[in-house]
2 protein chains.
Amino acid sequence: MVSIIKSRLPHPLDPLSTDEIAIAIAAVRKHHGECFFNVVSLHEPRKAEMLKWLESAHSPASESLRPARVANVVVIIQGGKVYDGLVDIKSGIIIKLELMEGVQPILTMEDLQIVEHICRTDPKVIEQCEISGIPKSDMQKVYCDPWTIGYDERYGNNVRLQQALMYYRPDVDTCQYQYPLDFCPIYDANKRAIIDIDVPKIRRPLSKAVPIDYTPKAVAMAGGYRTDLKPINITQPKGVSFKMDGRELEWQNWKFHIGFNYREGIVLNNITYNDKGNRRPIFYRLSLAEMVVPYGNPEHPHQRKHAFDLGEYGAGYMTNSLSLGCDCKGSIYYLDADFPTRDGSIRTIKNAICIHEEDAGILFKHTDFRDDSVIVTRARKLIIQQIFTAANYEYSCQWIFHQDGTIQPEIKLTGILNTYAMNVDEDAGPWGTQVYPGVNAHNHQHLFCLRIDPMIDGHNNTVNMVDTVPSEAPVGSEDNFYGNAFYAKKTKLDTTGKAMTDYNGATSRTWEIVNESKLHPYSKKPVSYKLVSREVPGLLPQKDSLVWKRAGFARHAVHVTKYSDDQLWPAGCHVPQTSGEPSMGIPQWIGDGTESVVDTDIVFWHTFGVTHIPAPEDFPIMPVEPITLLLRPRNFFSNNPAMDVMPSYCSTPSQVAGKQDGILNTTDKMSTLAFSNGTGSSSGCCKP
Amino acid sequence: MVSIIKSRLPHPLDPLSTDEIAIAIAAVRKHHGECFFNVVSLHEPRKAEMLKWLESAHSPASESLRPARVANVVVIIQGGKVYDGLVDIKSGIIIKLELMEGVQPILTMEDLQIVEHICRTDPKVIEQCEISGIPKSDMQKVYCDPWTIGYDERYGNNVRLQQALMYYRPDVDTCQYQYPLDFCPIYDANKRAIIDIDVPKIRRPLSKAVPIDYTPKAVAMAGGYRTDLKPINITQPKGVSFKMDGRELEWQNWKFHIGFNYREGIVLNNITYNDKGNRRPIFYRLSLAEMVVPYGNPEHPHQRKHAFDLGEYGAGYMTNSLSLGCDCKGSIYYLDADFPTRDGSIRTIKNAICIHEEDAGILFKHTDFRDDSVIVTRARKLIIQQIFTAANYEYSCQWIFHQDGTIQPEIKLTGILNTYAMNVDEDAGPWGTQVYPGVNAHNHQHLFCLRIDPMIDGHNNTVNMVDTVPSEAPVGSEDNFYGNAFYAKKTKLDTTGKAMTDYNGATSRTWEIVNESKLHPYSKKPVSYKLVSREVPGLLPQKDSLVWKRAGFARHAVHVTKYSDDQLWPAGCHVPQTSGEPSMGIPQWIGDGTESVVDTDIVFWHTFGVTHIPAPEDFPIMPVEPITLLLRPRNFFSNNPAMDVMPSYCSTPSQVAGKQDGILNTTDKMSTLAFSNGTGSSSGCCKP
């Protein structure tokens, strides 16, 4: 057994170290011999146990209460049998390891890499390539993006399958998404072979369009790069304003632990805010827990394109190794991620998480119009980021912390559209857009599910749906004579059934997570954090459709469930090849919808995203499209909690009147006028 | 007459220079003697005339086609008579100057300043102050925020009135909004006297709460400033990437003219994009044209609180003088604003507009999962900003230009809540929130109206409403077997009546402004710019309410009208004391709604904003709340128009394989690791 040599014990929520992963692998090997390692990841401490330890921290009892380190292990044994279990790290003992029937665990990058090679040498694939107009001798120019098959009723879920979305690259450096092929091989992971090929009725031979690319060579040929962009330098000569203790971060009254796993990527735990010396609990755990990307073309087999990128591939497994001065600027702190390889060794993704601050414009400002006495205070934000690549698309996932108590999850979409072949005389119809000759980019949605485990001043919380509506009293009535009355109508979501709620843009609908037993001293309203989320399309695949059945979490903008340790992932634990009958995850947990979620330990699930009708501007590489939402303190702090941020400038009326010295002026001295006085513009000139 | 001495002629859309303002003033004085100058502002050239000149630019004929400089002048003559007219600048001749009946023009800062002084010496106000608990000797501690009366049916609109929202400051440096008084004097501008006082049935004496403030002294007493925020320096050692020619700006293929007037503040004109050598027209004119802030408390006289900040006070007149390194950082270019004073001299607001660039994170990124070949390109944005103070609130209005052809109008709300008195034992009820002891902040909305005058590849445009919806074919049907089909349903808004449309969050509703006569070569869809706007609450004051009648523009998210030179301001030209009977502005222009707005010169009006249910976190000064929207090119460019922005890093598959040199690496060299290697964290360490 590999020994753990560490200067300190890991935090109970730290990801497994390379040594710990090795221990778990060794334990499984000892009992089961050779197998493919699919998952070796921290089995998070049970919440009750974890809270006891957190509450005891720094007390003499704390070490005895420290939760054990346990690994969740998923392995595949030759022949495709799947085992899922737990290994105690300290003892190296397998706690359990169960054979799973009718279940396919997550696809790893190695699972995916293998398919392309097999496609290139498969005679049936070669035959289809020839039909498409690609000679046998060009098979090294044929590529595939392997996706799990999702679900195909012809095969069920006992065989581990992938569908190979096929492409061609005339040159190794050409972006393949402009040369999609029209057929779709199906790969059997156990047989390591192509077992079938879906061939459409209408054939669409390889496009003959000239390539369009974003490589330096291609840009040079198209006229070269813009030369008029001058540098903006961002420097932090005195260092950063945050502190790290292991993976615990402190910044501007915030404190939290940064976890990371193969599935969700970044997980933030035990988020608290130091409110004038009182460290108040806000969220026990925050993560992006699932997503689904349904495509809207009904032609077979495109219904299978509805990737659950987290449940089927893993935001951790697919995460990028980030680069200084490239993915972000300033002073950056990085955290790595360690995962098992298929054969039981370790792969490390360096710089899997980046942490940095940014200037965030004005935090607040007010001028008294009487005398121009003024306060201007600039804001700072802290960003915890990862970027993952899901075949064609990239997702930048940012957790942004603000000084005023707001947490802003933000997702930036970029990368390349998933594309399909179309003929020169074909109409992409309502289901897609010809973004380039011969390239059909299908309509799709990106629906993300945020898992919010709140502890708003304690673990017993409740959710209200809030709609701003006119008064019920009509114009001219005594209660509303001028007709201007309106208010925030609150609907308590008291059961899991009632909590299944949708978005309403017209009422600016929000949801507030409240602690009913703690009222604000002034407003007399319960302390709360409010979710402000404005990109909330409905799930467009219809009720009882394949996607609707498999992605139960996406049926509503909000679900609320009672906390349960094992309910982490809203489309279920092992997502590939689920049939949706029954729907896994949230619909199972909600059941008949009668469970009370009032004043108890709850989990708040929020599905949001965008519906993407592609346009040529998105091709061949898509400018970032951000989706942002806010978790805002409302009736939580006694007043603006960021008033103690040093202003850039503050003058009071008595100072303006000259009756008092000491105008506060910490204005940034590095800023300059754009042009020297009197130049750069013939009318108007720069003022100091 | 003052002579114009200039090195060059002004652009026809440049604001009037100080000399030009002086010419107009002199002309009016010559014919009318002494009067109060309310407006002296550029009367913009008629569009037809302007287009002829633009098309002729740089040709020999261009000078003969140059539109004349004309001033719009509004003056008030002793006794309150209002004249509105035009003065030709070159000749100094009054083109027209008409007596206006039943109309009150905009309130200037000087109109407002006067009221506080008169309140302090008015016996009836002094009496009410005494009832509130303020001794006669403390009248210098009594303040008022004067607002136009809006509309009060008791007085109509022949007398120029203001309502004085009353406050008390125990100390001159105390924020007054925590000590509101419960009565409301009404000021007659012609009499220069308080003519009435609205006194509520329930009296609310002066609050005895201890003050809460954001001044350095107050923060020091509350524990002092945060000391752990280290500087972030933003520098542009090689200068900015934009060029100014007068008030015309060029940056990253964009070119446009920056105007400014007393009413709308920033006006952007003739916005074009250089698409590979072809300068394509996009918007003829963009501005924030009006706003209304209705408050939701039905108690008299709070229905009068529904400020039209632009039409009643002016975003230009109220604009802040901005400061380097304070309101924004980096290298900044400023433009001043010149206005007449009441007595006919000039006041200049220095640095009324700031222009600067910011790093904007990742523009696009893609990694090939096969070999980690990658492109990362950073984005830059250009911001044209003004900030105006409307008594208690501040609004930062930003026009943000992106490299990918997107224009992003963004408004940031900050400043201080408008507040009203409440008794210790009183319940703020559903209409407001007690944000501090004795302080009731009423529910309100901020509804902004954007005026978009498009010229998408030409002046004849059409608007489609776009909803993303499921296919009509049911699950299991031949056309939609798996139920996944969905598409963008387009509704052509072919008449002004049909174009009155509301927001629908569930369908991710957008509106696209298209040129039907120009189809994209690949998508075959008409070239367009799409409005993506997600903060679009309905107008909460009811149908036929006072606000609904006065703010006709706010009844729908979108209106489309046929272009007319004089239809600039959607609540009408002279907004103070309009009764709403009939509704001025957009409802007038739309009439019976039968006018065609297909393939013609149109104006697109968009009302958006937020409904604000106050919370104690907003007090005593409100952290910025941003509202953002996008005007995005869709089917406009042949492909991603920003591919020629230099990447930070780009490696191709052949370079990764070592078969080709020349990996592009322009990574920012100023960025650093947050902590030195091996320090700052005991687990994990920084990776280079």
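What you are looking at is a predicted structure, and each value in this text was computed from that prediction instead of being measured. (Residues numbered from 1 in each chain as written. Chains lettered and ligands numbered in written order. Predicted model: local features only at pLDDT ≥ 70, side-chain atom pairs only at ≥ 80, totals over all residues. Heavy atoms only, no water.)

Q: Just to check I follow, could you spell out the overall build of chain A for this structure?
A: Within chain A, the regular secondary structure consists of 10 helices and 34 strands. Seen through its C-alpha atoms, chain A measures out along the principal axes to roughly 90 × 75 × 65 Å. Looking at the 688 residues of chain A, the share that counts as buried comes to 68%. Sequence-distant contacts in chain A: of pairs separated by 6 or more residues, those separated by 24 or more amount to 66%. Of the roughly 23200 Å² of accessible surface on chain A, a fraction of 53% belongs to carbon and sulfur atoms. In chain A, 70 positive and 80 negative side-chain charges are present, and the distance between their average locations comes to 3 Å. (Helix = DSSP H or I, 4+ residues; strand = E, 2+ residues; numbered from the N terminus. Buried < 20%, exposed > 50% of the residue type's maximum accessible area, 1.4 Å probe, protein only. Contact = heavy atoms within 4.5 Å. Areas by Shrake-Rupley, 256 points an atom, 1.4 Å probe, with all protein chains shown as cover. Lys, Arg positive; Asp, Glu negative; His and termini not counted. Charge placed at Lys NZ, Arg CZ, Asp CG, Glu CD.)

Q: Where do I start with the sheet that holds strand β21 (residues 420–421) of chain A in this structure?
A: Residue and element names in this part refer to chain A. The three strands are arranged β21-β23-β22 in an open sheet whose pairing can be described as antiparallel. Of all strands in the sheet, those with a lone pairing partner are β21 and β22 (432–436), marking the two edges. One ladder, built from four bridges, connects β22 with strand β23 (residues 439–442); its direction is antiparallel. Considered in β23, the bridge of Thr 433 is made with Ala 441. (Pairing = 2+ DSSP bridges.)

Q: Explain the pairing of strand β7 (residues 184–188) of chain A here, please?
A: Along any regular strand the residues' side chains alternate between the sheet's two faces. All names here are of chain A. Of all five residues in β7, five are buried, a share of seventy percent or more. Residues of β7 alternate between two faces, with Cys 184, Ile 186 and Asp 188 on one and Pro 185 and Tyr 187 on the opposite face, all of them buried. The pairing of β7 with strand β8 (residues 193–198) spans five bridges and is classified as antiparallel. Pairing of Asp 188 across the sheet is with Ala 193, part of β8. Turn length for the β7-β8 hairpin, with the two strands adjacent in sequence and antiparallel, is four residues, and the turn residue Arg 192 shows positive phi of about 50°.

Q: Please explain the relation of the copies chain A and chain B as it appears in this structure.
A: Two chain copies, one operation linking them: a rotation about an axis together with a shift along it. In screw terms, the move from chain A to chain B is a rotation of 180° and a rise of 0.0 Å along the axis, fitting with an RMSD of 0.0 Å. In symmetry terms, the pair is related by a two-fold rotation axis. When the interface residues of chain A are mapped onto chain B, 100% of them are again interface residues, pointing to one common binding face. (Least-squares fit on C-alpha atoms with pLDDT ≥ 70 in both.)

Q: Even after reading the chapter, I still don't get the environment of Ile411(B), so can you show me in this structure?
A: Residues and elements named next belong to chain B. Relative to the elements of secondary structure, Ile 411 occurs in strand β20 (residues 407–415). The exposure class of Ile 411 is buried, given its relative accessible area of 4%. Between the C-alpha atom of Ile 411 and that of Gly 609, which follows or precedes it by 198 residues, the distance is 9.0 Å. Excluding residues that lie within four positions of it along the chain, Ile 411 makes contacts with Leu 288, Tyr 395, Ser 396, Phe 448, Phe 608, Glu 625, Pro 626 and Ile 627.

Q: Is there a simple way to explain the side chain of Asp14(A) in this structure?
A: Residue and element names in this part refer to chain A. Position of Asp 14 relative to the elements: it lies in the segment before α1 (18–32). At 4.4 Å, Arg 247 is the nearest oppositely charged side chain to Asp 14, a buried residue that forms no salt bridge. There is a polar contact of 2.6 Å between the side chain of Asp 14 and the side chain of His 257. Those residues in contact with Asp 14 that sit more than four places away from it in its chain are Leu 42, Arg 69, Arg 247 and His 257. (Salt bridge = Lys/Arg side-chain N within 4 Å of Asp/Glu carboxyl O. Polar contact = N/O pair within 3.5 Å; in protein donor to acceptor, adjacent residues only side chain to side chain.)

Q: What should I look at first to understand the packing of aromatic side chains in this one?
A: The geometry of two aromatic rings is summed up by the distance between their centres and the angle between their planes. The full count for this structure, using the stated rule, is 50 aromatic pairs over all chains. With a centroid separation of 5.2 Å and an interplanar angle of 40°, the aromatic rings of Tyr262(B) and Tyr317(B) are classed as tilted. Taken together, the residues span a long stretch of sequence, with Tyr262(B) in the loop between β12 (254–261) and β13 (265–275) and Tyr317(B) in the loop between α7 (309–313) and β16 (331–340) at a distance of 55 residues. Here Tyr262(B) matches Tyr317(B) in class, with each residue buried. Three or more aromatic residues joined by ring pairs make a cluster, and in this case those are Trp254(A), Phe256(A), Tyr273(A), Phe283(A), Phe401(A), Tyr529(A), Phe636(A) and Phe637(A). (Phe/Tyr/Trp six-rings, centres within 6.5 Å; stacked < 30°, edge-to-face > 60°.)

Q: So what exactly am I meant to see when it comes to the sheet that holds strand β6 (residues 161–168) of chain A here?
A: Within a beta sheet, neighbouring strands are joined by backbone hydrogen bonds and run either parallel or antiparallel to one another. All names here are of chain A. The strand order across the open sheet built from four strands is β5-β6-β7-β8, with neighbouring strands paired in antiparallel fashion. Of all strands in the sheet, those with a lone pairing partner are β5 (142–148) and β8, marking the two edges. The sheet shows a mean angle of 35° between the axes of neighbouring strands, direction not considered. Strand direction decides the pairing type here: β6 and β7, joined by three bridges, are antiparallel. Residue pairing in the sheet places Gln 162 in a bridge with Tyr 187 of β7. Across the face of the sheet, helix α5 (residues 123–132) comes into contact with β5, β6, β7 and β8 while running at roughly 35° to β8. (Axes fitted to C-alpha atoms, helices over the stretch in contact; angles between N-to-C directions.)

Q: For this particular structure, what's the right way to read the domain arrangement of chain A?
A: Size of an interface: often given as the accessible area lost when the parts come together. Residue and element names in this part refer to chain A. As assigned here, chain A comprises domain 1 (18–100), domain 2 (109–221) and domain 3 (243–634). Between the C-alpha centres of domain 2 and domain 3 there is a distance of 33 Å. With 42 residues of domain 2 at the contact, the number on the domain 3 side is 39 residues. With both sides pooled, the region where domain 2 packs onto domain 3 buries about 3300 Å², and carbon together with sulfur makes up 56% of that total. Between domain 2 and domain 3 we count five salt bridges in total. Asp 198 is the partner of Arg 304 in a salt bridge, and the nearest nitrogen-oxygen pair spans 2.8 Å. At the junction of domain 2 and domain 3, the tally comes to 18 residue pairs in polar contact (both at pLDDT 80 or more). Elements that contribute at least two residues to the side of domain 2 that touches domain 3 include exactly α4 (109–121), β5, β6 and β7. A breakdown of the residues in the side of domain 2 that touches domain 3 according to their chemical character gives 23 nonpolar, seven polar and 12 charged. (Domains from an automatic or database assignment. Buried area = accessible area lost by both parts, 1.4 Å probe. Nonpolar A, V, L, I, M, F, W, Y, C, P; charged D, E, K, R; others polar.)

Q: What exactly am I supposed to notice about the interface of chain A and chain B here?
A: In this assembly, 200 residues from chain A lie in contact with 200 residues from chain B. Carbon and sulfur atoms make up 56% of the area that chain A and chain B hide from each other, which totals about 16900 Å². Per-residue buried area on chain A facing chain B is highest for Arg226(A), Tyr482(A) and Phe486(A); these three make up 6% of the total on that side. Inspection of the region where chain A meets chain B yields 18 salt bridges. Inspection of the chain A/chain B interface yields 104 residue pairs in polar contact (both at pLDDT 80 or more). Here the side of chain A that touches chain B gets 11 residues from one element, more than from any other, and that element is strand β17 (residues 346–367) of chain A.

Q: Hey, could you run me through the pattern of salt bridges in this one?
A: A side chain with one charge can pair with a side chain of the opposite charge if their charged atoms come near. Per the counting criterion, the structure on display carries 86 salt bridges over all chains. The partner of Asp368(A) in a salt bridge is Arg169(B), with the nearest N and O atoms 2.5 Å apart. Here the residue Asp368(A) occupies a position in the loop between β17 and β18 (374–390), and Arg169(B) occupies one in the loop between β6 (161–168) and β7 (184–188), the pair thus bridging two chains. Judged on exposure class, the residue Asp368(A) and its partner Arg169(B) are both buried. A single salt-bridge network, built from bridges that share partners, covers Glu116(A), Arg120(A), Asp145(A), Arg169(A), Asp368(B) and Arg370(B).

Q: What's the story with the UniProt feature "domain: Copper amine oxidase N3-terminal" (unreviewed entry) in chain A in this structure? I'm lost.
A: UniProt tags residues 105–206 of chain A as "domain: Copper amine oxidase N3-terminal" (unreviewed entry). For the annotated span residues 105–206 of chain A, helix accounts for 23% and strand for 25% of the residues, and the straight-line distance between the end C-alpha atoms is 34 Å. (UniProt positions renumbered as here; feature names shortened; annotations may be inferred.)

Q: I keep staring at unusual backbone geometry and nothing clicks. Help me out?
A: Residues apart from glycine generally show negative phi values, whereas peptide bonds are mostly found in trans. All names here are of chain B. Residue Pro 582 is bonded to the preceding Glu 581 through a cis peptide linkage, with omega at -5°. As for its placement among the helices and strands, Pro 582 is situated in the loop between β29 (558–562) and α9 (586–590). Across the junction of Phe 619 and Pro 620, the peptide omega takes the value 0°, indicating a cis bond. Structurally, Pro 620 can be placed in the loop between β30 (602–612) and β31 (622–634). Phi is positive for Asn 351, which is not a glycine, with a value near 55°. As for its position among the elements, Asn 351 is in strand β17 (residues 346–367). Given the relative accessible area of 3%, Asn 351 is considered buried.

Q: How should I be thinking about the side chain of Thr174(A) in this particular structure?
A: Take Thr174(A): it is sitting in the loop between β6 and β7. For Thr174(A), the residues in contact, after removing those within four places along its chain, are Arg169(A), Tyr179(A), Pro211(A) and Asp213(A).

Q: Any chance you could explain the environment of Val466(A) here in plain terms?
A: Residue and element names in this part refer to chain A. Positionally, Val 466 belongs in strand β25 (residues 462–470). Taking the relative accessible area as the measure of exposure, Val 466 reaches 8% and is therefore buried. Contact partners of Val 466, with chain neighbours within four places excluded, come to Ala 488, Lys 489, Lys 490, Ser 508, Arg 509, Thr 510 and Glu 512.

Q: Help me understand the state of the cysteines, please; the structure alone is not making it clear to me.
A: Covalent bonding between the sulfur atoms of two cysteines is what defines a disulfide. Scanning the entire structure with this criterion turns up zero disulfides over all chains. In this structure Cys119(A) is not part of a disulfide, and its nearest cysteine sulfur, from Cys144(A), lies 4.2 Å away. Cysteine Cys650(B) is unpaired, with the sulfur of Cys326(A) as its nearest cysteine sulfur at 10 Å. (Disulfide = S-S within 2.5 Å.)

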